[in-house]
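These are the residues of each chain, in order.
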Amino acid sequence: MLDTVIQQLLNAAQLGAVYALIALGYTMVYGTIRLINFAHGDIFMLGGYIGFLLVTAVSGMPLVVMMPLAMLLTALVGMLIERVAYRRLRNAQRMSLVITALGVGIFLENLVRLLVGPQARQLPAQLPNGVVELFNGVVVTEDKILIIFISLALMVILWLFVHRTLMGTAMRAVADNKDAVQLMGINLNMVIAVTFAIGSALAAAGGIFFGQAYSIDPYMGIDLGWKAFIAAVIGGIGSIEGAVLGSFLLAGVEVLTVAYLSSNMKNGIAFGLLILLLLLRPNGIMGRPELKKV
Amino acid sequence: MGLLEIRGLSVAYGSIKALHGIDLRIDEGEIVSLLGANGAGKSTTLRAVSRLLPFAEGDILFQGTSLAGLPPHRVVSLGIAHVPEGRGIFPSLTVLENLKLATWTRSRKGSAAALYRPVFDLFPRLEERKSQPAGTLSGGEQQMLALGRAMMTDCRVMLLDEPSMGLSPILVKEVFRAIREINAKGTTVLLVEQNAGMALKIAHRGYVLANGRIVLAGSAEELARDQRVKEAYLGNRAG
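All figures in this text were calculated on a predicted structure; none of them were measured in a lab.

Rules and cut-offs
- Residues numbered from 1 in each chain as written.
- Chains lettered and ligands numbered in written order.
- Predicted model: local features only at pLDDT ≥ 70, side-chain atom pairs only at ≥ 80, totals over all residues.
- Heavy atoms only, no water.
- 1 Å grid on protein atoms, 1.4 Å probe; cavity = no way out; pocket = protein on both sides within 12 Å on 5 of 7 lines; lining within 4 Å.
- Points joined across faces, edges and corners; volume = space filled by probe spheres on them.
- Nonpolar A, V, L, I, M, F, W, Y, C, P; charged D, E, K, R; others polar.
- Core = buried A, V, L, I, M, F, W, Y, C linked by side-chain atoms within 4.5 Å.
- Buried < 20%, exposed > 50% of the residue type's maximum accessible area, 1.4 Å probe, protein only.
- Contact = heavy atoms within 4.5 Å.
- Salt bridge = Lys/Arg side-chain N within 4 Å of Asp/Glu carboxyl O.
- Helix = DSSP H or I, 4+ residues; strand = E, 2+ residues; numbered from the N terminus.
- Buried area = accessible area lost by both parts, 1.4 Å probe.
- Polar contact = N/O pair within 3.5 Å; in protein donor to acceptor, adjacent residues only side chain to side chain.

Caption draft 1: View of empty space enclosed by the protein. The tally for this structure, following the rule as stated, stands at 1 cavity of 30 Å³ or more. As a volume, the largest cavity reaches approximately 60 Å³. Lining the largest cavity are Ala180, Leu183 and Met184 of chain A together with Ala81, His82, Val83, Pro84, Arg87, Ala146, Arg149, Ala150 and Thr153 of chain B. Its residues placed into classes, the lining of the largest cavity shows 8 nonpolar, 2 polar and 2 charged.

Caption draft 2: Structural context of the nonpolar core. Grouped together as the largest cluster of nonpolar side chains are 150 residues, with contacts concentrated most on Leu35, Met66 and Tyr86 of chain A together with Leu101, Phe123, Leu126 and Met158 of chain B. Setting aside its immediate chain neighbours within four residues, Met158 of chain B contacts Ala81, Leu147, Ala150, Met151, Ile182, Thr187, Thr188, Val189 and Leu190 of chain B. Counting residues in each nonpolar core, the second largest holds 28 residues, with Leu24, Val75, Val157 and Leu190 of chain B among its members.

Caption draft 3: Structural detail: the pattern of salt bridges. Scanning all chains against the criterion turns up 19 salt bridges over all chains. When the shortest N-O distance is used, the salt bridge between Glu82 of chain A and Arg87 of chain A registers 3.1 Å. The residue Arg205 of chain B makes a salt bridge to Glu30 of chain B at a minimum N-O spacing of 2.6 Å. Of this pair, Arg205 of chain B sits in strand β9 (residues 205-210) while Glu30 of chain B sits in the loop between β2 (16-26) and β3 (31-36), and the two are 175 residues apart along the sequence. The exposure class of Arg205 of chain B is buried, given its relative accessible area of 17%. Salt bridges linked by common partners bring Arg125, Arg129, Glu141 and Glu174 of chain B together as one network.

Caption draft 4: View of the interface of chain A and chain B. On the side of chain B, 21 residues touch chain A, which itself brings 21 residues to the contact. With both sides pooled, the region where chain A packs onto chain B buries about 2,000 Å², and carbon together with sulfur makes up 70% of that total. Counting the surface chain A buries against chain B, the share from its top three residues, Leu166, Leu183 and Met184 of chain A, is 37%. The interface formed by chain A and chain B contains 2 salt bridges. Two residues, Arg172 of chain A and Glu97 of chain B, come together in a salt bridge whose shortest N-O distance is 2.8 Å. Across the chain A-chain B interface, the total number found is 3 residue pairs in polar contact (both at pLDDT 80 or more). Elements represented by at least two residues in the side of chain A that touches chain B include exactly α6 (166-176) and α7 (178-183) of chain A. Looking at the side of chain A that touches chain B element by element, the count peaks at 7 residues for α6 of chain A. Here the residues of the side of chain A that touches chain B are counted per class, giving 11 nonpolar, 6 polar and 4 charged.

Treat this as a map of the structure, not an account of what it does.
Encoded structure:
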């Protein structure tokens, strides 16, 4: 009994880690330019594929090389998307930007489908998959522990970056007042580009982990993207801590629903939780109420 | 040639023209006051100088160099700081983080403490509250923070948009004393104000804007004595 509970919690932590790596990009981009970047789930997918293509092209490329490289390349794609598709629309109606983001997502899905094919792929297992005994008879696989650990480490690095560096401070300032950021002598476009780069890199890490734990396909970003988006909203969109909290909460609810109730109820419970939470706390768990502009 | 020169500047919001070819000159070391009623085009002028607004016609020269086509952050690095209407502080960042961001274009060599010294000497209250989120400051303290940030950019010209707005008379005096002190240390100031009495007390020269046109210009004393200025802007205000 205890063993299965621990296994389920670890499954939840692994899924939550992947959600969080995606949700952070949603929340950071929303925090800076108030865009729900609906292409973000597809950037997560693209990150998984870039990782897949790297290990296919150079067989034996270790994960410690492949993952940073895939994150870097995906970051460049994220910056490119912002530059080409979103920047001109920054002062346009919100709806134009949202529709554009949806279009970018569909483009990415079809691009990958065209280039790599529609079938699901397995990323070669690159994480050690031995088992570790936690305590009397409770064993866990090493890859699961590593995925959770590396994800948490990335989140800690992100938190430090956002709170301890001048660029991170500028990113938080953009959420407060874009004009004033420029009046500090800061290149707003650069700060926004960096935000997209970081969000995309984290999503790529999520895509690679997802490919390690499960498999990748061109449409994986739709379901996972929505879930991560929900997680970000539950936590309070715009808040980094909220995105992480919401991700683990959502994954926990999902995994436990599948384990102890029924897998058919998974989405019903997840979306139900979203509705319930938004009724109780419209700005999410960590969200702050919208400040009225004076 | 003035430090900052505005020549034939026109700015339009869509099809509505807010400025109709204004000319304005500010010399090094001056406090120049730009007066006028609500909607006369005062803020528009400042936003055009800091390039937050594109301008249709005319030119703005800083030390003889045109600002046309520059993005706002480049204008700051040239030495023009703009304290916008409503102060534009970052409420979720601490006082210190607000000040720190304003050093973006500067080299941050040397001790950080020395960097903040001039600001904390002028506004000791900011030092007391340096770890507080700026959103928790009072209106007067927020205005001090906005001025402090402008100082941190190491600017040669400060564009101040209604620094007295929403402040009690005592705080207005305090803010104006600080502006005078900033100017005494060598920073040129372009001061937009509705509180014409206060503005003309500290300014060397002034311009009066009405409906997007300069209708009057002169020394602060001349303007303060001018019957039209008295009627329009000094009438029922406690100077």
